[in-house]
Amino acid sequence: HLQESGPGLVKPSETLSLTCTVSGGSISSGNFYWNWIRQHPGKGLEWIGYVYYSVSSFYNPSLESRVAISVDTSKNQFSLKLRSVSAADTAVYYCARAETLTPGSFKFDHWGRGTLVTVSS
Amino acid sequence: FMLTQPHSVSASPGKTVTISCTRSSGSIASNYVQWYQQRPGSAPTIVIYEDTQRPTEIPDRFAGSIDRSSNSASLTISGLKTEDEADYYCQSYDSTIHVVFGGGTKVTVL
């Protein structure tokens, strides 16, 4: 089970911060990557990035300069920070687990319910 | 690379729909394709993984396939039900740009 939490309203130019709490399993388990995905209103899914084990992280090139994803293993949580937000960052943000047991496979098998973040003054 | 899906498909209850997902560059077979269903107001859920595999809770009306000749993957829903009305997204991965989603296809049950 994954659950997003964080402010639903962020001012332009500030930093969006969200946390995903993982329950029912350890965030340190191998073969799992911890992801953030967003969906602009009425639009498709956009992958933001992932963190693996707190060892490595990779981001969507279109967001790379503003994004950081980190892990807190003591709390079984991972977090998203998106800097210098604008109205274009208004979206539903999902956290999701990707399982990679099979080589060449990267499947999102568990998703949070999503949280709407609005960027507005 | 990009994954291109039709914007929408529709059919009557009991009929069959097929959604395509065409990869713009590189082989469709080089990395597995997944399909997700998203009902309004809900998070996506996986319906097909690793091109053709169904999670145990997904009915066998859902089937995935890949076609190397057209460099595309397909999701076929047979015996269409009103509950199948949703948006469907394909997704794949590569070691360079990592995760890619298709633009999504709206399935309408007439």
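What counts, and at which threshold
Residues numbered from 1 in each chain as written. Chains lettered and ligands numbered in written order. Predicted model: local features only at pLDDT ≥ 70, side-chain atom pairs only at ≥ 80, totals over all residues. Heavy atoms only, no water. Helix = DSSP H or I, 4+ residues; strand = E, 2+ residues; numbered from the N terminus. Rg over C-alpha atoms; globule rule 2.2 N^0.38 Å. Areas by Shrake-Rupley, 256 points an atom, 1.4 Å probe, with all protein chains shown as cover. Buried < 20%, exposed > 50% of the residue type's maximum accessible area, 1.4 Å probe, protein only. Contact = heavy atoms within 4.5 Å. Polar contact = N/O pair within 3.5 Å; in protein donor to acceptor, adjacent residues only side chain to side chain.

**Some details on the overall build of chain A**
Then, in step 1: The secondary structure content of chain A amounts to zero helices and 11 strands.
Then, in step 2: When the helices and strands of chain A are read in sequence order from the N terminus, they spell out β-β-β-β-β-β-β-β-β-β-β.
Then, in step 3: Over its C-alpha atoms chain A spans a radius of gyration of 14 Å, differing by no more than 12% from the 14 Å that the globule rule assigns to 121 residues.
Then, in step 4: Projected onto its principal axes, the C-alpha coordinates of chain A cover approximately 45 × 30 × 25 Å.
Then, in step 5: Only carbon and sulfur atoms are counted for the fraction: they give 51% of the accessible area of chain A, which is about 5,400 Å².

**Some remarks on unusual backbone geometry**
Then, in step 1: A positive phi is found at A:S13, a non-glycine position, where the angle reads about 80 degrees.
Then, in step 2: Along the chain, A:S13 turns up in the loop between β2 (9-10) and β3 (16-22).
Then, in step 3: The class of A:S13 is exposed, set by a relative accessible area of 58%.
Then, in step 4: The backbone of B:D51 sits at a positive phi, close to 70 degrees, despite the residue not being glycine.
Then, in step 5: Along the chain, the position of B:D51 falls in the loop between β5 (45-48) and β6 (62-67).
Then, in step 6: Since its relative accessible area comes to 10%, B:D51 is described here as buried.

**Digging into the environment of B:R23**
Residues and elements named next belong to chain B.
Then, in step 1: By the secondary structure assignment, R23 is in strand β3 (residues 17-23).
Then, in step 2: The sequence separation of R23 and R68 amounts to 45 residues, and the corresponding C-alpha distance is 10 Å.
Then, in step 3: The contacts of R23, once residues within four sequence positions are left out, are F1, M2, L3, I28, S30, N31, N71, S92 and D94.
Then, in step 4: Separated by 3.3 Å, the side chains of R23 and S30 make a polar contact.

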